[in-house]
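# Survey of secondary and tertiary structure
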Amino acid sequence: MAIVDVTVYGAGIFGLSVAWSCLQRGASVRVIDPNGVGAGSSGGLVGALAPHVPERWNAKKAFQFDSLIMAEAYWAEVEAASGLTAGYARTGRLQPIADDRLLDLARARSTEASTLWQNKATWQVRATHDFPGWAPESATGYVIYDTLTARMNPRLAGAALAAAICEKGGEVVTDAAPEGLVVWATGWQGLLALSQDLSKAVGNGVKGQSALLDFDARDLPQLFTDALHIIPHANGTVAIGSTSEREFDDPTTCDAALEDVIARARNACPAIANAPVLERWAGVRPRAKSRAPMLGAYPNRPGHFIANGGFKIGFGMGPKVGEVMADLVLDGKDTIPDDFRVEASL
């Protein structure tokens, strides 16, 4: 067997994205995860790939914008290599506008978006009646409609990316010895391990609960209302979520907090008021101290690197994270924004 150039620990979105980008550069790659593909937060239900507000532009927003723009071609290539669907589509997002002040602000942001989003996507103010039977209730009668937001089926995307890696000659296994350069993409437990190594808190886990409903709205925009994501998927389901729980005893048990989410989603979107619940899910998302992805060299471990802290935006950041980590690991080229560096959480 050929020598492995890069070993990636963790088969969530960051680990698989880094492995895929390294493989595309010609490196031999092995992904190791004892629990399998998408066993952690990357195996959830929601899959909202949503941008930050187009104002007060900074490196984090620019990085996310680049990744969201890359996504369509990225996932098309993954699907072509694997023969599997990732459930990706740039279907946009609706957000209600609560009052006249926010309506004026939304219109101002529309102008900002035309520049900051480079005319590759738009931020529009639209009447709710433009989306009959689907737009959330809005006190002004208007919603924000952005065309940059996309949806992703997390489980399908992870399976497609893992299969693409294998089709291109990489490995995805549950156990093996590390070889070559090593990338740690081990989620919230990896952040806890790093905190222990450094004797300081650099990140933790935030539990999220979500649900999947039996309702076919596959061609409609996703909604963000009452702090909830409501995501129509291509397979005729709608995902809703999620909670953000910093304190929890059981990372994978659903409880009354999720029932509250379901009730609020039904109230916000009457179209799904009677849709049956197909699945309830709970898991823990990795949140770095900086609240941004944590990317770079592993402290005091030469030849080791970290790609962690995707939190709620891991799938949206994945394509660009893979690219900049491949630059660093394979070529020593560091293009990581300052806010994303490991040091930002130390």
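Note: the structure precedes this text.
Report follows, based on the coordinates. Note that the structure is a prediction, hence the values are computed from the model and not measured. (Residues numbered from 1 in each chain as written. Predicted model: local features only at pLDDT ≥ 70, side-chain atom pairs only at ≥ 80, totals over all residues. Heavy atoms only, no water.)

Attention now goes to the nonpolar core. Counting 59 residues, the largest nonpolar core has Trp20, Val29, Trp75, Val183, Leu295 and Met325 as the members making the most contacts within it. Put simply, the parts of the chain that give this core at least two residues each are β1 (6-9), α1 (13-24), β2 (29-32), α2 (59-82), α3 (100-116), α4 (154-167), β16 (304-308) and α7 (314-331). By size, the runner-up hydrophobic cluster in this structure holds 21 residues, among which are Ala217, Ile230, Leu258 and Ala265. (Core = buried A, V, L, I, M, F, W, Y, C linked by side-chain atoms within 4.5 Å. Buried < 20%, exposed > 50% of the residue type's maximum accessible area, 1.4 Å probe, protein only. Helix = DSSP H or I, 4+ residues; strand = E, 2+ residues; numbered from the N terminus.)

This paragraph deals with the packing of aromatic side chains. Each pair of aromatic rings is reported with the distance of its centres and the angle of its planes. Taken as a whole and assessed by the stated rule, the structure comprises nine aromatic pairs. Residues Trp117 and Trp123 carry aromatic rings whose centres are separated by 6.1 Å and whose planes lie at 70° to one another, so their mutual orientation is edge-to-face. Side by side, Trp117 and Trp123 carry an identical accessibility label, which is buried. Among the aromatic residues, those joined into a ring-pair cluster are Tyr9, Trp184 and Tyr298. Against the face of Tyr142 rests Arg107, its NZ or CZ located 5.4 Å from the ring centre. The side chain of Arg301 reaches across the aromatic face of Tyr298, ending 4.2 Å from its centre. (Phe/Tyr/Trp six-rings, centres within 6.5 Å; stacked < 30°, edge-to-face > 60°. Lys NZ or Arg CZ within 6 Å of the ring centre and 35° of its normal.)

To continue, consider the side chain of Ser210. Positionally, Ser210 belongs in strand β10 (residues 203-213). When residues no more than four places from it in sequence are discounted, the contact partners of Ser210 are Leu45, Val46, Ile240, Gly241, Ser242, Leu258, Glu279, Arg280 and Trp281. (Contact = heavy atoms within 4.5 Å.)

With that settled, the discussion passes to the pairing of β2. Burial of the side chains of β2 extends over both faces: Val29 and Val31 are buried on one face and Arg30 and Ile32 on the other. When β1 meets β2, the two strands line up parallel, connected through four bridges. Its bridge partner lying in β2, Tyr9 is registered against Ile32. Crossover connection from β1 via α1 to parallel β2: handedness right-handed. As defined by bridge partners, β2 adjoins strand β8 (residues 171-173) across three bridges and the pair is classed as parallel. When the sheet's bridge partners are listed, Ile32 is paired in β8 with Val173. (Pairing = 2+ DSSP bridges. Right-handed = clockwise from strand over helix to strand, strands pointing away.)

We now examine the sheet that holds strand β12 (residues 228-232). If you trace the eight strands from one edge of the open sheet to the other, you get β5-β6-β4-β11-β12-β13-β10-β14, paired in mixed fashion. Only two strands of the sheet have a single partner each, and these edge strands are β5 (123-127) and β14 (277-288). Averaged over neighbouring strand pairs, the angle between their axes works out to 25° when direction is ignored. Taken strand by strand, α3 contacts β5 and β6 (142-146), and its axis lies near 140° from that of β5. (Axes fitted to C-alpha atoms, helices over the stretch in contact; angles between N-to-C directions.)

All right, on to the side chain of Thr147 then. By secondary structure assignment, the location of Thr147 is in the loop between β6 and β7 (150-151). Excluding residues that lie within four positions of it along the chain, Thr147 makes contacts with Arg90, Gly92, Ala121, Thr122 and Gln124.

For the rest of this paragraph, the subject is the environment of Asp255. Take Asp255: it is sitting in the loop between β13 (238-241) and α6 (256-268). With 26 residues separating them along the chain, Asp255 and Trp281 place their C-alpha atoms 10.0 Å apart. Other than its neighbours up to four places away in sequence, Asp255 contacts Lys207 and Gln209.

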